[in-house]
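Observations on chain architecture
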Amino acid sequence: MNALWWFALPVLLLPIWWHRKKRVQNEAALMATARFLPRTEPRQTRMWRWSDPLLLVARCLLLACLIAWLADPVYPWRGDTVVIVEGSDAAWVEQQATQAGLAQAERVTLAAAQALGWVHTHEREWQAGARLLVLGDVPMPAATPVFGRQVEVRTRQALAKPADYHVHIASDRLDAWRRVFAAPAGPDRIVIDATPGAATSLIVWDRPEAPPATLRASLWLVTDPAAFPELAQAPAVDGLRYADSPRGRLWHRAGWPPPTPDAARALLDDWQQLHVGPRPFTMQSQVFAASNGANAPAPGGVLRDILLAALVILFAIERSLAHARRR
Amino acid sequence: MALAGSALIAHTTNLDLVIRHVLAGLGHGIHAGRERGAGVEFSEYRAYVPGDEWRRVDWKLAARADRYFVREAERDSHVAVWLVLDASASMAEPSHHVDGVDKLAYARTLLGCVAAIAQRQGDAFGLIVLADGKVSFTPALRGPRQLQRVLAALERAAPSGHLPDADTLKASLHFAQSPSVIFAASDLLDWPSPLSQALLRLRQMRHDVRVLCLQTQAEAEASFPATQAYRDPEQEEGVFRFGADLRDGYRRNREAHYGAVTAGCRKHDVPLLLAAIEQAPGDVLRRWLRRPGR
């Protein structure tokens, strides 16, 4: 959209038009005996002469700079680049880069989730012939990424770092609840906190009285809805009632703690999917060909600071010259 | 002489120097005093009539001829010389053949020469400069300081504007009481004009009027460059072109104009000298000073 500002470039014709001297009459020599000649039509020649060429240049540059600032252009300055996902094995990265012939290329290290998005956002910054290689444990995006240039992705699954999820159980039926959180799927661990802290993401509230107002967690499993007025009108899905409160999201199902291992696993899966999120799946190594239909996102204004400085300087120069001309 | 031509006018701005250069080798004298009387230079004898002074009787001749004769000498002149300079804008016309010479500089030199000659032979001389519709008047006096005054006034004259109108000019011709010689230098592009009427009127008052009409070689030969546009210096608007197709018409108009000028001068017995400013000023001056009819 910004690029539409380039259509404003004909504005440069205005100062050019203003600074062009109008018609220039032919220089007439004096001739005392001209009275013996018939009078002729004065011939005028149109000549392109400039008044104040310095000021004209300053004004044209100023306008061009302003339009460029508005259009926010992207200057392709990046050469061959290897984008490395954080936590990748250095030896493997070196081997892959050498194999691809990019051992000397610039290295950019990014978080795994941002790698492809960053490449897409900045893809206009690479020069036309530059090669781009993404290395590491790149998670599979939801939609197939489309790039305006060829991007090679080589992936290797990194060892998953086990994450800890802190759970606080406020219940008299502590063993029943501990069994629920005993056997989670995957490498993640569940830590039962004796007292709720800042890391606590799940609180089981199996008491009739209301919890303290300061207690907060992203999810509450509530057995007695009487303590939580938000649950009174809450909608239900498959018998699970849910509501949002200042303390966090509240879930309630009659008959908790889950009586069977299947019910417990279903509850943990729901929690995993809706609050913890799925574990990223490593993408397959592949080469994305350049796509003509790829729309690179709007540039982030990399050159805007430089252009703004130039704009200010040119404005000062233009004002000074215009003032000097009037004096 | 390397600088005998009109290029010497362009050579220096010192009018005095140019005049000395032009006058070098040029004979003295503009006119001979016509009146006879007591003086140094002998003219003729005359028979004594009662009332003549005895000291003017030539006693040696009386002894030889037994009659009284009185020596008549040419009296010192009291003819005033008046220099009239046309400094209208058209006098700025430069020569296309000699760089740095224009009609006004040429006229200035020749009038300066005339003033120097008049000063040498003891005549009173004055200057009238006609420029920009005004008349500037330097009264007639004798002597070397008057020469410097006149030369300074000549150097001050810059070409501008038109000739003064008839009333202004008429009011300025009070000098014409005593017999005088009037040297007028102009381009005579306006004819009849207040200047021409004044000169003819002065001639009718029995003054010796000598008119120098200055031209350029280019205008006489109709050889202006055709690549340029031209403008009349005395008219604000109007652009003129010169070309081979216009040359005949230009010549015809010019000859008709100067034919009328010459005829008018001849009719009123005013000697007119047509001179190109590319000619050597000494020659032109000699022809201008030569008594007409001789």
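Residues numbered from 1 in each chain as written. Chains lettered and ligands numbered in written order. Predicted model: local features only at pLDDT ≥ 70, side-chain atom pairs only at ≥ 80, totals over all residues.

Examining the pairing of strand E6 (residues 106–110) of chain A
Residues and elements named next belong to chain A. Note: strand E5 (residues 81–85) against E6, five bridges, orientation parallel. Paired with Thr81 across the strands is Glu106, a residue of E6. The parallel pair E5 and E6, bridged by helix H3 (residues 90–99), forms a crossover whose chirality is right-handed. (Pairing = 2+ DSSP bridges. Helix = DSSP H or I, 4+ residues; strand = E, 2+ residues; numbered from the N terminus. Right-handed = clockwise from strand over helix to strand, strands pointing away.)

Overview of the confidence of the model for chain B
Of all residues in chain B, 88% have pLDDT values of 70 or greater, and the mean over the chain is 83. The ipTM for the predicted assembly is 0.72, set against a pTM of 0.50. (pLDDT = per-residue confidence, 0-100.)

A few points about the sheet that holds strand E6 (residues 134–141) of chain B
Residue and element names in this part refer to chain B. Here six strands make up an open sheet; going across it, the order is E6-E5-E4-E7-E8-E11 and the pairing mixed. Two strands close off the open sheet at either side, each with one partner strand: E6 and strand E11 (272–276). Sheet twist, expressed as the mean angle between neighbouring strand axes with direction ignored, is 15°. Sheet topology note: the strand E4 (residues 80–86)/strand E5 (residues 125–131) ladder contains six bridges and is parallel. Counted as the bridge partner of Val84 is Ile128 from E5. Contacts from helix H5 (residues 144–156) reach E4, E5 and E6, with the element oriented near 10° to E5. (Axes fitted to C-alpha atoms, helices over the stretch in contact; angles between N-to-C directions. Contact = placed C-beta atoms within 7 Å.)

Focus on the interface of chain A and chain B
Listed as interface residues are 16 residues of chain A and, on the opposing side, 24 residues of chain B. Top element by residues in the side of chain A that touches chain B is strand E2 (residues 28–30) of chain A. It accounts for three residues. Considering only residue class, the side of chain A that touches chain B consists of 10 nonpolar, three polar and three charged. As paired strands, E2 of chain A and strand E9 (residues 229–231) of chain B are joined by three bridges and run parallel to one another. Along E9 of chain B, the bridge assignment pairs Ala29 of chain A with Tyr230 of chain B. (Nonpolar A, V, L, I, M, F, W, Y, C, P; charged D, E, K, R; others polar.)

Observations regarding the packing of helix H4 (residues 103–120) of chain B against helix H10 (residues 281–289) of chain B
Residues and elements named next belong to chain B. Viewed as axis vectors pointing N to C, H4 and H10 meet at an angle of 55°, and their least axial separation amounts to 10 Å. Taken together, the axes of H4 and H10 are oblique relative to one another. With respect to the hand of their crossing, H4 and H10 are arranged in right-handed fashion. On the side of H4, the interface is formed by Tyr106, Thr109, Leu110 and Cys113, while H10 contributes Pro281, Val284, Leu285 and Trp288. A class-by-class count of the residues in the contact of H4 with H10 yields seven nonpolar, one polar and no charged. (Parallel < 35°, antiparallel > 145°, perpendicular 65-115°, else oblique. Left-handed = near helix turned anticlockwise from the far one by under 90°.)

Structural notes on unusual backbone geometry
In terms of backbone geometry, most residues other than glycine have negative phi values and most peptide bonds are trans. Of the consecutive residues Trp191 of chain B and Pro192 of chain B, the connecting peptide bond is found in the cis state with omega at -5°. Its location among the elements puts Pro192 of chain B in the loop between strand E7 (180–186) and helix H7 (194–204). In this structure, Asp52 of chain A is a non-glycine residue whose phi angle is positive, near 50°. Looking at the element boundaries, Asp52 of chain A is found in the loop between strand E4 (44–45) and helix H2 (53–71). A tally of 16 C-beta atoms within 10 Å means that Asp52 of chain A is categorised as partly exposed. Even without being glycine, Asp132 of chain B reaches a positive phi, approximately 55°. (Buried ≥ 20, exposed ≤ 12 C-beta atoms within 10 Å, placed from the backbone.)

Considering the pairing of strand E8 (residues 208–215) of chain B
Residues and elements named next belong to chain B. Among the eight residues in E8, eight count as buried, and that is most of the element. Direction of pairing for E7 relative to E8: parallel, over a ladder of six bridges. Note on E8: the bridge partner recorded for Val181 is Asp208. At this point the chain moves from E7, through H7, to the parallel E8, and the crossover so formed is right-handed.

Points about the sheet that holds strand E13 (residues 236–237) of chain A
Residue and element names in this part refer to chain A. If you trace the seven strands from one edge of the open sheet to the other, you get E10-E9-E11-E12-E15-E14-E13, paired in mixed fashion. If you trace the sheet from one side to the other, it starts and ends with strand E10 (189–193) and E13, each paired once. Here strand E14 (residues 240–245) pairs with strand E15 (residues 248–252) via five bridges, running antiparallel. Of the residues in E15, the one forming a bridge with Arg241 is His252.

Side note on the nonpolar core
Residue and element names in this part refer to chain B. Judged by nonpolar contacts, the single largest core of 81 residues is most densely connected at Leu83, Leu85 and Leu110. Ranked by residues supplied to this core, first place goes to H4 with 12 residues. Leu85 has contacts with Ala107, Arg108, Leu111, Leu127, Val129, Leu130, Leu154, Ala157 and Ala185, leaving out every residue within four places of it along the chain. (Core = buried A, V, L, I, M, F, W, Y, C linked by C-beta atoms within 7 Å.)

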